[in-house]
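# Descriptive structure summary
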Amino acid sequence: PYLHKIKIKAIQENYASWDIYADDSRGYEGVDKAPSSNDYFTAGTSLCLMSQLTGWSEFYKHQGIEFDDYRVEHQFNYQVDSHMTPSATGHVDGVITRILIKSEVSEKEMNDYAKHALGTCFAGEAITGATTTEIGVYKNGKLIK
């Protein structure tokens, strides 16, 4: 219900920044102090895809094809079994990825641009391929699950 606008940017000079909107979430004892692993995964996949869109837009620009404006929207349908217990397990039931492009170029060129960007981003493999993820629960620095 409460969205926070977060501006993120690579630490290298001259890299573009992006705005990400994140939901407030509830922790074990009130509002969380840091993003959850799902938050980081969601932000990371969006950042990866945005960085690839930026790189590919430069490639196309050298060919005389300009993409005036573009952005990424991800909707992850996360599921968690045994929520808030040490035996919690999670998975993604589905993902909707939208690449929104504002440009005067043809639909084919826009589709090619989006496919190239998604194909060179780890997000595409992480979401569409079988990617094993291991999660450990730690208490005072010791693994409990």
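Calculation notes
Residues numbered from 1 in each chain as written. Predicted model: local features only at pLDDT ≥ 70, side-chain atom pairs only at ≥ 80, totals over all residues. Heavy atoms only, no water. Patch = residues over 30% accessible without salt bridge, like charges linked within 9 Å, V, L, I, M, F, W, Y side chains within 5 Å. Areas by Shrake-Rupley, 256 points an atom, 1.4 Å probe, with all protein chains shown as cover. Salt bridge = Lys/Arg side-chain N within 4 Å of Asp/Glu carboxyl O. Lys, Arg positive; Asp, Glu negative; His and termini not counted. Charge placed at Lys NZ, Arg CZ, Asp CG, Glu CD. Helix = DSSP H or I, 4+ residues; strand = E, 2+ residues; numbered from the N terminus. Contact = heavy atoms within 4.5 Å. Disulfide = S-S within 2.5 Å. Buried < 20%, exposed > 50% of the residue type's maximum accessible area, 1.4 Å probe, protein only. Core = buried A, V, L, I, M, F, W, Y, C linked by side-chain atoms within 4.5 Å. Phe/Tyr/Trp six-rings, centres within 6.5 Å; stacked < 30°, edge-to-face > 60°.

Attention now goes to a negative patch on the surface. Together, Glu66, Asp68, Asp69 and Glu104 make up a negatively charged patch on the protein surface. Summarising the element assignment, glutamate 104 is placed in the loop between strand E6 (89-102) and helix H2 (107-119).

This part covers the side chain of serine 57. In this structure, serine 57 sits in helix H1 (residues 37-61). In contact with serine 57, other than residues within four places in its own chain, are Phe67, Tyr70 and Tyr113.

Moving on, we come to the state of the cysteines. Summed over all chains, the structure comprises one disulfide. Put simply, cysteine 48 and cysteine 121 are joined by a disulfide, and their sulfur atoms are 2.3 Å apart. On the criterion of sequence distance, the pair formed by cysteine 48 in helix H1 and cysteine 121 in the loop between H2 and helix H3 (122-128) is long-range, its members being 73 residues apart. Across the pair, exposure class does not vary: cysteine 48 and cysteine 121 are buried alike.

The next thing to look at is the nonpolar core. Among soluble globular proteins, nonpolar side chains are generally buried collectively. Judged by nonpolar contacts, the single largest core of 15 residues is most densely connected at Leu49, Leu53, Tyr60, Phe67, Tyr70 and Tyr113. By residue number, the principal contributor to this core is H1, which donates six residues. If we skip the residues at most four places from it in the chain, tyrosine 60 touches Ile65, Phe67, Asp112, Tyr113 and His116.

On to the pattern of salt bridges, then. Overall, the coordinates contain four salt bridges when judged by the stated rule. Among the ionic pairs, glutamate 73 bridges to arginine 71, the shortest N-O distance being 3.1 Å. The class for arginine 71 is partly exposed, based on a relative accessible area of 45%. Salt-bridge contacts for aspartate 112 lead to lysine 108; the nearest nitrogen and oxygen are separated by 2.6 Å. Within this pair, aspartate 112 and its partner lysine 108 are both found in helix H2, separated by four residues, close to a single helical turn. For aspartate 112, a relative accessible area of 24% puts it in the partly exposed group. Here the salt bridges share partners, and the residues they tie into one network are Arg71, Glu73 and Arg98.

On to the packing of aromatic side chains. Counted under the stated rule, the structure contains eight aromatic pairs. Seen in terms of ring centroids, tryptophan 56 and tyrosine 60 are 6.4 Å apart; in terms of plane orientation they differ by 50°. Their pairing is tilted. Pair noted here: tryptophan 56 and tyrosine 60 are both in helix H1, with a separation of four residues, about one helical turn. Exposure class is identical for tryptophan 56 and tyrosine 60. Each is buried. Taken together, a centroid distance of 5.4 Å and an interplanar angle of 85° make the contact between tyrosine 60 and phenylalanine 67 edge-to-face. Judged on exposure class, the residue tyrosine 60 and its partner phenylalanine 67 are both buried. An aromatic cluster is built from Trp56, Phe59, Tyr60, Phe67, Tyr70 and Tyr113, whose rings are joined through pairwise contacts.

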